[in-house]
Amino acid sequence: MSAFAFVFPGQGSQAVGMLDAWGSHPAVVQALQEASDALSEDLGALIHNGPKETLALTANTQPVMLVAGVAAWRVWQAEGGPLPMAVAGHSLGEYSALVAAGVLTLSQAAPLVRLRGAAMQEAVPVGAGAMAAVLGLDADKVKAVCAQVTAQLGGAEVVEAVNFNDPGQTVIAGSKAAVEAASVAVKEAGAKRALPLPVSAPFHSSLMKPAAEKLKLALAGLQLAAPQIPVLNNIDVAMPTDADAIRDALYRQAFGPVRWVECVQRLRALGATHLVECGPGKVLSGMTKRIDPELVGVALYDPATLQETKEAIA
């Protein structure tokens, strides 16, 4: 059997009806029921009916993506899938990874990510922040441009590199004026494009610090279990097992960068030959190929891809 890790997608991969293909699989039904009970809301109806604009609200996106990733994971387990060598998640996906590893229960995680989403939206008024994907420019150059633009604007406006997605894509975030200025500056520095992202807040930037403080309080009141599978976090590219260290990493992750390139490289260094994207879409599978062409990226989001994944790692 191939050495493989599971990776869980984050915000942006949601879609209306994204769990429909599973039908009434008991593992999916149970996951939806647990998360819905924890939130006193029918998440299954929200996912099935949408609309797209409602799913895209951060306070909704975070719990629906959490449960979609966990549901696919539980189907994998129910259908006899072997345990991966490690799990990781892109941004919000780290919470799905922590549920998969037994650190958090789904009933704990659903209210936690809803709070996280709501707090992030409250931290910066809609329209005051922005994000953009910078294509075709080295990450260190992107960071340097962001620092230069922030300095030029006198510190009243801020822009930072926040998602290191693959060698040719770095996402920047911050106040709207600073992101717009940096989008011009990175192109002058050699970037192919700077694409504005349709998001409602500047995620993972220092502007999210107020949201992180609310998250920290919520995390302090939760009982965390020891990981049953190693969980690689994306703030430190580390695998802490101590509950306080895991809490601290989740706190800092809210206003710190997603070091996804390094996470994939670390999983490869640990011996993984396959990365299974567990949850809706194929975003992470695409990133896997661009980060390391020798790694095999597989997506697991419906019965057909479940079979494909089993065959790929056999």
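Residues numbered from 1 in each chain as written. Predicted model: local features only at pLDDT ≥ 70, side-chain atom pairs only at ≥ 80, totals over all residues. Heavy atoms only, no water.

(A) Main features of helix H8 (residues 176–188). Helix length check: H8 (13 residues) gives 19 Å between terminal C-alpha atoms against 18 Å at 1.5 Å per residue, within 8%. Of all the positions in H8, only Ala-178, Val-179, Ala-182, Ser-183, Ala-185 and Val-186 are classed as buried. Looking at the buried positions of H8, the neighbouring elements they touch are strand E3 (129–135), helix H7 (139–152), strand E4 (159–166), strand E5 (169–175) and strand E6 (193–196). In the stretch just after H8, Gly-190 is the one whose phi turns positive, near 120°. (Helix = DSSP H or I, 4+ residues; strand = E, 2+ residues; numbered from the N terminus. Expected span 1.5 Å × (residues − 1). Buried < 20%, exposed > 50% of the residue type's maximum accessible area, 1.4 Å probe, protein only. Contact = heavy atoms within 4.5 Å.)

(B) Structural context of the packing of aromatic side chains. All chains considered together, the criterion is met by five aromatic pairs. Ring centres of Phe-6 and Trp-76 lie 5.3 Å apart, and the angle between their planes is 50°; on these two criteria the pair is classed as tilted. Of this pair, Phe-6 sits in strand E1 (residues 4–8) while Trp-76 sits in helix H4 (residues 58–78), and the two are 70 residues apart along the sequence. We note that Phe-6, like Trp-76, is buried. Members of the aromatic cluster, joined through ring pairs, are Phe-4, Phe-6, Trp-73 and Trp-76. Note that Lys-209 overlies the ring of Phe-255, its terminal NZ or CZ placed 5.3 Å from the centroid. Just above the ring of Tyr-251 sits the side chain of Lys-216; from NZ or CZ to the centre is 4.5 Å. (Phe/Tyr/Trp six-rings, centres within 6.5 Å; stacked < 30°, edge-to-face > 60°. Lys NZ or Arg CZ within 6 Å of the ring centre and 35° of its normal.)

(C) Spatial organisation of the pairing of strand E8 (residues 274–278). Across the five residues that make up E8, a large majority, five, are buried. A two-sided burial pattern is seen for E8, the buried positions comprising His-274, Val-276 and Cys-278 on one face and Leu-275 and Glu-277 on the other. Both E1 and E8 contribute to a ladder of four bridges, which runs parallel. Pairing of Phe-6 across the sheet is with Val-276, part of E8. For E8 and strand E9 (residues 296–300), the ladder comprises five bridges, and the chain directions are parallel. Its bridge partner lying in E9, Glu-277 is registered against Ala-299. Each parallel crossover has a hand, and for E8 linked through helix H12 (residues 283–291) to E9 it is right-handed. (Pairing = 2+ DSSP bridges. Right-handed = clockwise from strand over helix to strand, strands pointing away.)

(D) Here's a closer look at the sheet that holds E9. Ordered by their spatial adjacency, five strands build an open sheet running E7-E2-E1-E8-E9, and the pairing between neighbours is parallel. Among the strands making up the open sheet, the edge pair consists of strand E7 (231–232) and E9. Judged from the two bridges that link them, strand E2 (residues 87–89) and E7 form a sheet pairing that is parallel. Looking at E7, one finds that Val-87 is bridged to Val-231. With respect to the sheet, H4 is in contact with E1, E8 and E9, its orientation differing from that of E1 by roughly 150°. (Axes fitted to C-alpha atoms, helices over the stretch in contact; angles between N-to-C directions.)

(E) Seen up close, the sheet that holds E4. The strand order E4-E5-E3-E6 describes an open sheet built from four strands, whose pairing is antiparallel. If you trace the sheet from one side to the other, it starts and ends with E4 and E6, each paired once. Within this sheet the neighbouring strands show an average axis-to-axis angle of 25°, counted without direction. Across seven bridges, the pairing between E3 and E5 is antiparallel. Paired with Ala-130 across the bridge in E5 is Gly-174. Its contacts with the sheet place H7 against E3, E4 and E5, and it is angled at close to 165° to E4.

(F) Region of the structure containing the pattern of salt bridges. A complete count under the given rule lists 13 salt bridges for this structure. In this structure, the salt-bridge partner of Glu-122 is Lys-214, at a minimum N-O distance of 2.8 Å. Note that Glu-122 is positioned in helix H6 (residues 106–123) and Lys-214 in helix H9 (residues 209–220), a separation of 92 residues in sequence. Given a relative accessible area of 55%, Glu-122 falls into the exposed group. Among the residues examined, Lys-214 registers a relative accessible area of 40% and is labelled partly exposed. (Salt bridge = Lys/Arg side-chain N within 4 Å of Asp/Glu carboxyl O.)

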